[in-house]
Amino acid sequence: MGVICVTCGRGMKNLVMKELQYRFNARRDFSIIKDPSLEGKVFFTCHLTDIYDELLQLKLVERIFIVVHKDTPSTNGIWWNNNDSIVSIVQRFLIDIQNTLNAWQSLQTDEAKAVLSTSNGSTASVHQRKRTVDGDLVVCERNSDCIKEEHSSCNEGGRQVTLRVSVKVTGSCRATVSIENVRKDVGVILTNSLTGSYKVVAGDADITLNIMCSDLLLLLAIPLKKNPLSLRSYLKFPGLRSTTCAALVQLADIQPYEIVLDPMCGAGTVLLESSHSQPLAYYIGLDIDSSQISKAVANKAFYTATFSQPLYLDILQCSVEAPSFFNSFADVIVTDIPFGEQHTVQGNLADFYLCCCQQFTRLLSVNGRAVVLVSKKQVSCLTRHAVSVGFHISRQHYITLGRSEAFIVCMSKKSSSI
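Residues numbered from 1 in each chain as written. Predicted model: local features only at pLDDT ≥ 70, side-chain atom pairs only at ≥ 80, totals over all residues. Heavy atoms only, no water.

Q: Just checking my understanding: could you explain the pairing of strand β14 (residues 330-336) for this structure?
A: Regular strands show a simple pattern: their side chains alternate between the two faces of the sheet. The element β14 is largely enclosed, with a buried count of five among its seven residues. Where β14 lies against strand β15 (residues 364-375), six bridges are found, and the strand directions are parallel. Looking at β15, one finds that Ile333 is bridged to Ala370. (Buried < 20%, exposed > 50% of the residue type's maximum accessible area, 1.4 Å probe, protein only. Helix = DSSP H or I, 4+ residues; strand = E, 2+ residues; numbered from the N terminus. Pairing = 2+ DSSP bridges.)

Q: Would you mind going over the pattern of salt bridges with me for this structure?
A: A side chain of one charge can pair with a side chain of the opposite charge when the charged atoms of the two come close. Following the criterion strictly, the structure yields 10 salt bridges and no others. Put simply, Glu273 and Arg232 hold a salt bridge, and the shortest N to O gap is 3.0 Å. Here the residue Glu273 occupies a position in helix α8 (residues 269-277), and Arg232 occupies one in the loop between β10 (218-223) and α7 (242-252), the gap between them amounting to 41 residues. Taking the shortest distance from any N to any O, the salt bridge between Glu258 and Arg369 comes out at 2.7 Å. Note that Glu258 is positioned in the loop between α7 and β11 (259-262) and Arg369 in strand β15, a separation of 111 residues in sequence. On the accessibility criterion, Arg369 (21% relative accessible area) is partly exposed. Connected via shared salt-bridge partners are Glu19, Arg23 and Glu54. (Salt bridge = Lys/Arg side-chain N within 4 Å of Asp/Glu carboxyl O.)

Q: I tried to follow unusual backbone geometry on my own but got confused; where do I start?
A: Backbone phi values are negative for most residues with the exception of glycine, while trans is the configuration of most peptide bonds. Located in the positive-phi region is Ser328, a residue other than glycine, with phi close to 60°. Mapped onto the elements, Ser328 comes out in the loop between β13 (313-317) and β14. Positive phi, normally seen in glycine, also occurs at Asn367, with a value near 65°. Among the structural elements, Asn367 can be located in strand β15. The class for Asn367 is exposed, based on a relative accessible area of 55%.

Q: Help me out: how do you make sense of helix α3 (residues 83-92) in this one?
A: Of the residues making up α3, those classed as buried are Asn83, Ser85, Ile86, Val87, Ile89 and Val90. Measuring from the side-chain oxygen of the N-cap residue of α3 to the backbone nitrogen of Asp84 gives 3.2 Å; that N-cap residue is Asn82. (Polar contact = N/O pair within 3.5 Å; in protein donor to acceptor, adjacent residues only side chain to side chain.)

Q: Honestly, the sheet that holds strand β17 (residues 404-413) in this entry has me stumped. Any pointers?
A: Read across the sheet, seven strands follow the order β13-β12-β11-β14-β15-β17-β16 without closing on themselves; strand pairing throughout is mixed. Because the sheet does not close on itself, it has two edges, and the strands there are β13 and β16 (391-401). For this sheet, the mean inter-axis angle between neighbouring strands, taken without regard to orientation, is 15°. Pairing of β16 with β17 involves 10 bridges; the strand directions are antiparallel. Counted as the bridge partner of Ile393 is Met411 from β17. (Axes fitted to C-alpha atoms, helices over the stretch in contact; angles between N-to-C directions.)

That is the geometry; function is a separate question.
Dropping the structure here:
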(Lines give C-alpha, C1' and ligand atoms only; values in the text may rest on other atoms or scores of the structure.)
Protein backbone atom coordinates (compact mmCIF):
# COMPACT_ATOMS: atom_id res chain seq x y z
CA MET A 1 0.00 0.00 0.00
CA GLY A 2 1.37 3.41 -0.94
CA VAL A 3 0.35 7.06 -1.09
CA ILE A 4 -0.27 8.69 -4.47
CA CYS A 5 -0.58 12.40 -5.16
CA VAL A 6 -2.30 13.85 -8.21
CA THR A 7 -2.09 17.52 -9.09
CA CYS A 8 -4.67 19.69 -10.80
CA GLY A 9 -5.46 23.30 -11.61
CA ARG A 10 -7.19 25.65 -9.18
CA GLY A 11 -10.89 24.94 -8.96
CA MET A 12 -10.48 21.39 -10.27
CA LYS A 13 -9.93 19.54 -6.98
CA ASN A 14 -13.56 18.56 -6.36
CA LEU A 15 -13.93 17.36 -9.95
CA VAL A 16 -10.74 15.30 -9.64
CA MET A 17 -11.97 13.72 -6.41
CA LYS A 18 -15.23 12.83 -8.14
CA GLU A 19 -13.32 11.20 -11.01
CA LEU A 20 -11.12 9.23 -8.59
CA GLN A 21 -14.13 8.03 -6.62
CA TYR A 22 -15.94 7.02 -9.80
CA ARG A 23 -12.99 4.94 -10.99
CA PHE A 24 -11.65 3.45 -7.76
CA ASN A 25 -14.26 3.58 -4.99
CA ALA A 26 -15.14 -0.07 -5.50
CA ARG A 27 -11.59 -1.05 -4.49
CA ARG A 28 -11.09 -1.87 -0.82
CA ASP A 29 -7.51 -0.54 -0.84
CA PHE A 30 -8.52 2.89 -2.20
CA SER A 31 -9.03 5.79 0.19
CA ILE A 32 -8.82 9.55 -0.38
CA ILE A 33 -6.87 11.49 2.25
CA LYS A 34 -9.06 14.56 2.72
CA ASP A 35 -7.21 17.82 3.27
CA PRO A 36 -9.18 20.88 2.11
CA SER A 37 -6.26 23.21 2.89
CA LEU A 38 -4.10 21.79 0.07
CA GLU A 39 -5.41 23.38 -3.13
CA GLY A 40 -4.37 21.69 -6.36
CA LYS A 41 -3.36 18.34 -4.81
CA VAL A 42 -5.30 15.19 -3.96
CA PHE A 43 -3.69 12.39 -1.94
CA PHE A 44 -5.00 8.85 -1.77
CA THR A 45 -3.82 5.39 -0.77
CA CYS A 46 -3.88 2.35 -3.04
CA HIS A 47 -1.85 -0.55 -4.41
CA LEU A 48 -0.34 1.27 -7.36
CA THR A 49 0.59 -1.84 -9.31
CA ASP A 50 -3.07 -2.90 -9.42
CA ILE A 51 -4.38 0.36 -10.88
CA TYR A 52 -1.34 1.64 -12.78
CA ASP A 53 -2.88 1.44 -16.25
CA GLU A 54 -6.16 2.95 -15.11
CA LEU A 55 -4.36 5.82 -13.36
CA LEU A 56 -2.87 6.82 -16.69
CA GLN A 57 -6.41 7.13 -18.08
CA LEU A 58 -7.38 9.90 -15.65
CA LYS A 59 -8.67 12.93 -17.53
CA LEU A 60 -8.70 15.78 -15.04
CA VAL A 61 -5.27 15.49 -13.41
CA GLU A 62 -2.05 17.13 -14.57
CA ARG A 63 0.57 14.92 -12.93
CA ILE A 64 0.67 11.73 -10.85
CA PHE A 65 3.32 11.31 -8.14
CA ILE A 66 4.45 8.38 -6.01
CA VAL A 67 4.83 9.91 -2.54
CA VAL A 68 8.09 9.18 -0.75
CA HIS A 69 7.35 11.38 2.27
CA LYS A 70 4.67 13.92 3.18
CA ASP A 71 4.75 16.23 6.17
CA THR A 72 2.59 19.07 7.49
CA PRO A 73 3.42 21.81 10.02
CA SER A 74 3.49 20.84 13.69
CA THR A 75 2.08 22.92 16.53
CA ASN A 76 5.44 24.70 16.58
CA GLY A 77 5.03 25.75 12.97
CA ILE A 78 7.15 25.01 9.92
CA TRP A 79 10.39 23.20 10.70
CA TRP A 80 11.66 22.81 7.11
CA ASN A 81 12.41 26.52 6.68
CA ASN A 82 16.16 26.17 6.06
CA ASN A 83 18.51 24.23 3.81
CA ASP A 84 19.83 21.83 6.44
CA SER A 85 16.39 20.67 7.58
CA ILE A 86 15.32 19.81 4.01
CA VAL A 87 18.57 17.98 3.27
CA SER A 88 18.26 16.02 6.53
CA ILE A 89 14.80 14.80 5.47
CA VAL A 90 16.27 13.44 2.25
CA GLN A 91 18.95 11.63 4.26
CA ARG A 92 16.34 10.12 6.59
CA PHE A 93 14.31 8.74 3.70
CA LEU A 94 17.08 7.48 1.43
CA ILE A 95 15.79 3.91 1.51
CA ASP A 96 12.29 5.07 0.53
CA ILE A 97 13.77 7.13 -2.30
CA GLN A 98 15.76 4.13 -3.56
CA ASN A 99 12.74 1.83 -3.29
CA THR A 100 10.46 4.30 -5.04
CA LEU A 101 12.97 4.78 -7.85
CA ASN A 102 13.16 1.01 -8.29
CA ALA A 103 9.37 0.83 -8.20
CA TRP A 104 9.14 3.51 -10.87
CA GLN A 105 11.61 1.66 -13.06
CA SER A 106 9.78 -1.65 -12.63
CA LEU A 107 6.53 0.01 -13.68
CA GLN A 108 8.12 1.39 -16.83
CA THR A 109 9.37 -2.05 -17.82
CA ASP A 110 6.38 -3.93 -16.40
CA GLU A 111 8.75 -6.15 -14.41
CA ALA A 112 8.99 -6.93 -10.69
CA LYS A 113 6.06 -4.65 -9.79
CA ALA A 114 5.98 -6.09 -6.30
CA VAL A 115 8.90 -3.82 -5.38
CA LEU A 116 6.32 -1.08 -4.77
CA SER A 117 5.30 -2.70 -1.52
CA THR A 118 8.62 -1.64 0.02
CA SER A 119 7.80 2.06 -0.35
CA ASN A 120 5.61 3.09 2.56
CA GLY A 121 4.78 6.57 1.24
CA SER A 122 3.44 7.50 4.69
CA THR A 123 3.91 10.58 6.84
CA ALA A 124 5.27 8.54 9.73
CA SER A 125 8.95 8.91 10.63
CA VAL A 126 10.04 5.28 10.47
CA HIS A 127 13.71 4.75 11.27
CA GLN A 128 13.97 1.02 10.77
CA ARG A 129 12.84 -1.44 8.12
CA LYS A 130 12.65 -5.22 8.19
CA ARG A 131 13.98 -7.18 5.26
CA THR A 132 14.81 -10.77 4.45
CA VAL A 133 18.28 -11.99 3.49
CA ASP A 134 18.73 -15.68 2.65
CA GLY A 135 15.50 -16.45 4.49
CA ASP A 136 16.53 -14.68 7.74
CA LEU A 137 14.69 -11.62 9.01
CA VAL A 138 16.99 -8.75 9.90
CA VAL A 139 16.53 -5.12 10.89
CA CYS A 140 17.96 -2.55 8.51
CA GLU A 141 18.94 0.90 9.75
CA ARG A 142 18.12 3.86 7.51
CA ASN A 143 21.52 4.80 6.05
CA SER A 144 23.47 4.70 2.82
CA ASP A 145 25.36 1.51 3.74
CA CYS A 146 22.05 -0.33 4.10
CA ILE A 147 20.89 0.95 0.75
CA LYS A 148 24.02 -0.27 -0.96
CA GLU A 149 23.74 -3.66 0.75
CA GLU A 150 20.04 -4.05 0.03
CA HIS A 151 20.05 -2.91 -3.59
CA SER A 152 23.50 -3.85 -4.85
CA SER A 153 22.00 -6.31 -7.31
CA CYS A 154 19.24 -4.02 -8.61
CA ASN A 155 19.23 -3.04 -12.26
CA GLU A 156 22.43 -4.90 -13.10
CA GLY A 157 22.88 -5.08 -16.81
CA GLY A 158 20.18 -2.45 -17.43
CA ARG A 159 20.64 0.87 -19.15
CA GLN A 160 21.61 3.88 -17.09
CA VAL A 161 18.63 5.92 -15.82
CA THR A 162 19.25 9.63 -15.38
CA LEU A 163 17.84 11.38 -12.32
CA ARG A 164 17.48 15.07 -11.56
CA VAL A 165 16.46 16.92 -8.42
CA SER A 166 13.72 19.55 -8.63
CA VAL A 167 13.14 21.91 -5.71
CA LYS A 168 10.07 24.13 -5.52
CA VAL A 169 9.70 26.53 -2.60
CA THR A 170 6.71 28.81 -1.98
CA GLY A 171 5.41 30.95 0.86
CA SER A 172 7.55 32.15 3.75
CA CYS A 173 10.18 29.45 3.13
CA ARG A 174 11.38 31.32 0.04
CA ALA A 175 13.13 33.85 2.28
CA THR A 176 15.24 31.24 4.10
CA VAL A 177 15.73 28.36 1.66
CA SER A 178 18.23 28.42 -1.18
CA ILE A 179 16.81 26.30 -3.99
CA GLU A 180 20.16 25.96 -5.75
CA ASN A 181 22.04 24.91 -2.61
CA VAL A 182 19.41 22.33 -1.65
CA ARG A 183 19.45 20.93 -5.18
CA LYS A 184 23.25 20.60 -5.16
CA ASP A 185 23.44 19.09 -1.66
CA VAL A 186 20.69 16.56 -2.36
CA GLY A 187 22.33 15.70 -5.69
CA VAL A 188 25.61 14.90 -3.92
CA ILE A 189 23.82 12.72 -1.35
CA LEU A 190 21.98 10.77 -4.03
CA THR A 191 25.14 10.34 -6.10
CA ASN A 192 26.98 8.87 -3.12
CA SER A 193 24.11 6.76 -1.80
CA LEU A 194 21.96 5.40 -4.61
CA THR A 195 22.83 2.06 -6.13
CA GLY A 196 21.83 0.49 -9.40
CA SER A 197 21.83 2.23 -12.76
CA TYR A 198 20.93 5.75 -11.58
CA LYS A 199 22.99 8.77 -12.54
CA VAL A 200 22.24 12.19 -11.05
CA VAL A 201 22.32 14.95 -13.69
CA ALA A 202 21.56 18.65 -13.75
CA GLY A 203 19.60 18.84 -17.00
CA ASP A 204 16.89 16.82 -18.68
CA ALA A 205 16.49 13.37 -17.12
CA ASP A 206 14.42 10.21 -17.24
CA ILE A 207 13.05 10.72 -13.75
CA THR A 208 12.82 13.53 -11.21
CA LEU A 209 12.90 13.63 -7.44
CA ASN A 210 10.58 16.51 -6.58
CA ILE A 211 11.04 18.38 -3.31
CA MET A 212 8.11 20.72 -2.68
CA CYS A 213 8.10 23.08 0.29
CA SER A 214 5.33 25.49 1.27
CA ASP A 215 3.76 26.89 4.43
CA LEU A 216 1.30 23.96 4.40
CA LEU A 217 3.30 21.02 3.09
CA LEU A 218 6.68 19.38 2.62
CA LEU A 219 6.60 16.68 -0.03
CA LEU A 220 9.15 14.28 -1.49
CA ALA A 221 7.67 12.61 -4.57
CA ILE A 222 8.54 11.03 -7.90
CA PRO A 223 6.32 11.56 -10.96
CA LEU A 224 4.82 8.46 -12.48
CA LYS A 225 5.36 9.82 -15.99
CA LYS A 226 7.80 12.36 -17.36
CA ASN A 227 5.17 14.34 -19.26
CA PRO A 228 1.87 15.67 -17.87
CA LEU A 229 -1.22 13.56 -18.56
CA SER A 230 -2.82 16.66 -20.07
CA LEU A 231 -0.60 16.16 -23.15
CA ARG A 232 -2.98 13.83 -24.95
CA SER A 233 -1.37 11.36 -27.33
CA TYR A 234 -4.37 11.44 -29.66
CA LEU A 235 -4.21 15.19 -30.47
CA LYS A 236 -2.03 16.49 -33.28
CA PHE A 237 -2.88 20.16 -32.69
CA PRO A 238 -3.59 21.30 -29.12
CA GLY A 239 -6.41 23.69 -28.45
CA LEU A 240 -8.12 24.29 -25.14
CA ARG A 241 -6.18 22.50 -22.40
CA SER A 242 -7.27 18.88 -22.24
CA THR A 243 -7.93 18.89 -18.49
CA THR A 244 -10.26 21.86 -18.95
CA CYS A 245 -12.00 20.03 -21.79
CA ALA A 246 -12.41 17.05 -19.46
CA ALA A 247 -13.99 19.30 -16.82
CA LEU A 248 -16.52 20.52 -19.40
CA VAL A 249 -17.25 16.91 -20.38
CA GLN A 250 -17.73 15.75 -16.79
CA LEU A 251 -20.16 18.57 -16.04
CA ALA A 252 -22.04 17.96 -19.31
CA ASP A 253 -22.67 14.31 -18.33
CA ILE A 254 -23.08 13.20 -21.96
CA GLN A 255 -25.17 10.07 -22.39
CA PRO A 256 -25.13 7.44 -25.18
CA TYR A 257 -26.91 8.44 -28.40
CA GLU A 258 -27.19 12.11 -27.46
CA ILE A 259 -26.44 14.76 -30.09
CA VAL A 260 -23.68 17.07 -28.88
CA LEU A 261 -22.87 20.39 -30.54
CA ASP A 262 -19.86 22.65 -30.17
CA PRO A 263 -20.72 25.78 -32.21
CA MET A 264 -17.24 27.30 -31.71
CA CYS A 265 -15.15 24.13 -31.83
CA GLY A 266 -11.76 25.55 -32.75
CA ALA A 267 -9.31 22.64 -33.07
CA GLY A 268 -12.02 20.23 -31.94
CA THR A 269 -10.38 19.32 -28.63
CA VAL A 270 -13.60 19.58 -26.58
CA LEU A 271 -15.44 17.22 -28.93
CA LEU A 272 -12.59 14.72 -29.15
CA GLU A 273 -12.28 14.69 -25.36
CA SER A 274 -16.04 14.15 -25.18
CA SER A 275 -15.90 11.31 -27.69
CA HIS A 276 -13.09 9.62 -25.80
CA SER A 277 -15.21 9.65 -22.64
CA GLN A 278 -18.54 8.82 -24.32
CA PRO A 279 -17.95 7.21 -27.74
CA LEU A 280 -21.63 6.36 -28.32
CA ALA A 281 -22.83 9.95 -28.70
CA TYR A 282 -22.94 11.87 -32.00
CA TYR A 283 -20.86 15.05 -32.20
CA ILE A 284 -21.00 18.12 -34.44
CA GLY A 285 -18.37 20.84 -34.50
CA LEU A 286 -18.81 24.24 -36.15
CA ASP A 287 -16.44 27.12 -36.67
CA ILE A 288 -16.25 30.02 -39.10
CA ASP A 289 -12.43 30.14 -39.07
CA SER A 290 -10.99 27.99 -41.86
CA SER A 291 -7.61 27.60 -40.10
CA GLN A 292 -9.33 26.21 -37.00
CA ILE A 293 -11.43 23.87 -39.12
CA SER A 294 -8.25 22.54 -40.78
CA LYS A 295 -6.79 21.76 -37.33
CA ALA A 296 -10.04 20.11 -36.22
CA VAL A 297 -10.11 17.92 -39.34
CA ALA A 298 -6.45 16.97 -38.82
CA ASN A 299 -7.12 16.16 -35.14
CA LYS A 300 -10.08 14.00 -36.14
CA ALA A 301 -7.94 12.05 -38.61
CA PHE A 302 -5.14 11.65 -36.06
CA TYR A 303 -7.60 10.47 -33.40
CA THR A 304 -9.14 7.94 -35.79
CA ALA A 305 -5.69 6.59 -36.64
CA THR A 306 -4.84 6.26 -32.94
CA PHE A 307 -7.92 4.29 -31.87
CA SER A 308 -9.77 1.43 -33.47
CA GLN A 309 -13.15 2.52 -32.13
CA PRO A 310 -15.52 4.46 -34.46
CA LEU A 311 -15.69 8.25 -34.14
CA TYR A 312 -19.11 9.80 -34.68
CA LEU A 313 -18.01 13.35 -35.38
CA ASP A 314 -18.78 15.80 -38.18
CA ILE A 315 -16.91 19.09 -38.55
CA LEU A 316 -18.38 21.92 -40.61
CA GLN A 317 -17.20 25.39 -41.49
CA CYS A 318 -20.21 27.59 -40.86
CA SER A 319 -21.84 29.86 -38.33
CA VAL A 320 -24.14 28.64 -35.59
CA GLU A 321 -26.76 30.90 -37.19
CA ALA A 322 -26.80 28.76 -40.35
CA PRO A 323 -30.45 28.08 -41.27
CA SER A 324 -29.66 24.49 -42.26
CA PHE A 325 -29.81 23.42 -38.61
CA PHE A 326 -33.23 22.47 -37.36
CA ASN A 327 -34.64 23.97 -34.20
CA SER A 328 -34.34 21.85 -31.06
CA PHE A 329 -32.10 19.20 -32.68
CA ALA A 330 -29.26 19.08 -30.10
CA ASP A 331 -29.36 17.49 -26.66
CA VAL A 332 -26.17 19.11 -25.36
CA ILE A 333 -24.07 22.15 -26.24
CA VAL A 334 -20.51 22.13 -24.91
CA THR A 335 -18.30 25.02 -25.93
CA ASP A 336 -15.47 27.38 -25.06
CA ILE A 337 -17.03 30.76 -25.84
CA PRO A 338 -14.60 33.54 -26.96
CA PHE A 339 -13.36 35.65 -24.06
CA GLY A 340 -12.81 38.63 -26.35
CA GLU A 341 -9.05 38.54 -25.65
CA GLN A 342 -7.08 35.96 -27.64
CA HIS A 343 -10.06 35.29 -29.93
CA THR A 344 -11.96 38.47 -30.68
CA VAL A 345 -15.45 38.83 -32.11
CA GLN A 346 -16.99 41.30 -34.53
CA GLY A 347 -18.91 44.04 -32.79
CA ASN A 348 -19.79 44.29 -29.11
CA LEU A 349 -18.99 41.26 -26.94
CA ALA A 350 -22.21 41.60 -24.91
CA ASP A 351 -24.27 41.57 -28.12
CA PHE A 352 -22.34 38.51 -29.28
CA TYR A 353 -23.16 36.67 -26.03
CA LEU A 354 -26.84 37.55 -26.39
CA CYS A 355 -26.82 36.19 -29.95
CA CYS A 356 -25.12 32.99 -28.76
CA CYS A 357 -27.69 32.45 -26.01
CA GLN A 358 -30.53 32.98 -28.47
CA GLN A 359 -29.04 30.43 -30.85
CA PHE A 360 -28.36 27.97 -28.03
CA THR A 361 -31.97 28.01 -26.92
CA ARG A 362 -33.13 27.67 -30.54
CA LEU A 363 -30.92 24.66 -31.24
CA LEU A 364 -31.37 22.79 -27.96
CA SER A 365 -34.20 20.37 -27.40
CA VAL A 366 -36.63 20.85 -24.51
CA ASN A 367 -34.72 20.32 -21.25
CA GLY A 368 -31.48 20.29 -23.25
CA ARG A 369 -28.40 21.58 -21.49
CA ALA A 370 -25.44 23.80 -22.26
CA VAL A 371 -22.03 23.82 -20.59
CA VAL A 372 -20.07 26.94 -21.46
CA LEU A 373 -16.57 28.10 -20.49
CA VAL A 374 -16.50 31.88 -20.05
CA SER A 375 -14.06 34.36 -18.52
CA LYS A 376 -14.61 35.61 -15.00
CA LYS A 377 -15.01 39.14 -16.36
CA GLN A 378 -17.86 38.12 -18.66
CA VAL A 379 -19.68 35.46 -16.62
CA SER A 380 -22.34 37.87 -15.32
CA CYS A 381 -22.98 39.11 -18.85
CA LEU A 382 -23.41 35.58 -20.20
CA THR A 383 -25.66 34.38 -17.38
CA ARG A 384 -27.83 37.51 -17.58
CA HIS A 385 -28.47 36.96 -21.28
CA ALA A 386 -28.96 33.22 -20.78
CA VAL A 387 -31.68 33.79 -18.20
CA SER A 388 -33.34 36.41 -20.42
CA VAL A 389 -33.84 33.85 -23.22
CA GLY A 390 -35.17 31.09 -20.98
CA PHE A 391 -32.20 29.21 -19.53
CA HIS A 392 -32.02 28.00 -15.95
CA ILE A 393 -28.52 28.39 -14.45
CA SER A 394 -27.80 25.27 -12.41
CA ARG A 395 -24.11 25.73 -11.63
CA GLN A 396 -21.16 28.10 -11.99
CA HIS A 397 -17.84 26.33 -11.40
CA TYR A 398 -14.72 28.47 -10.92
CA ILE A 399 -11.42 27.35 -12.48
CA THR A 400 -8.17 28.94 -13.60
CA LEU A 401 -6.58 28.80 -17.05
CA GLY A 402 -2.97 29.65 -16.37
CA ARG A 403 -3.14 33.25 -15.17
CA SER A 404 -6.69 33.72 -16.41
CA GLU A 405 -9.76 33.10 -14.28
CA ALA A 406 -12.89 31.54 -15.72
CA PHE A 407 -16.18 29.87 -14.92
CA ILE A 408 -17.84 26.80 -16.35
CA VAL A 409 -21.51 27.73 -16.52
CA CYS A 410 -24.03 24.85 -16.59
CA MET A 411 -27.54 25.73 -17.75
CA SER A 412 -30.62 23.95 -18.99
CA LYS A 413 -33.36 25.01 -21.38
CA LYS A 414 -36.72 25.45 -19.75
CA SER A 415 -39.70 23.76 -21.38
CA SER A 416 -41.25 27.19 -22.00
CA SER A 417 -38.19 28.52 -23.88
CA ILE A 418 -38.76 29.54 -27.47
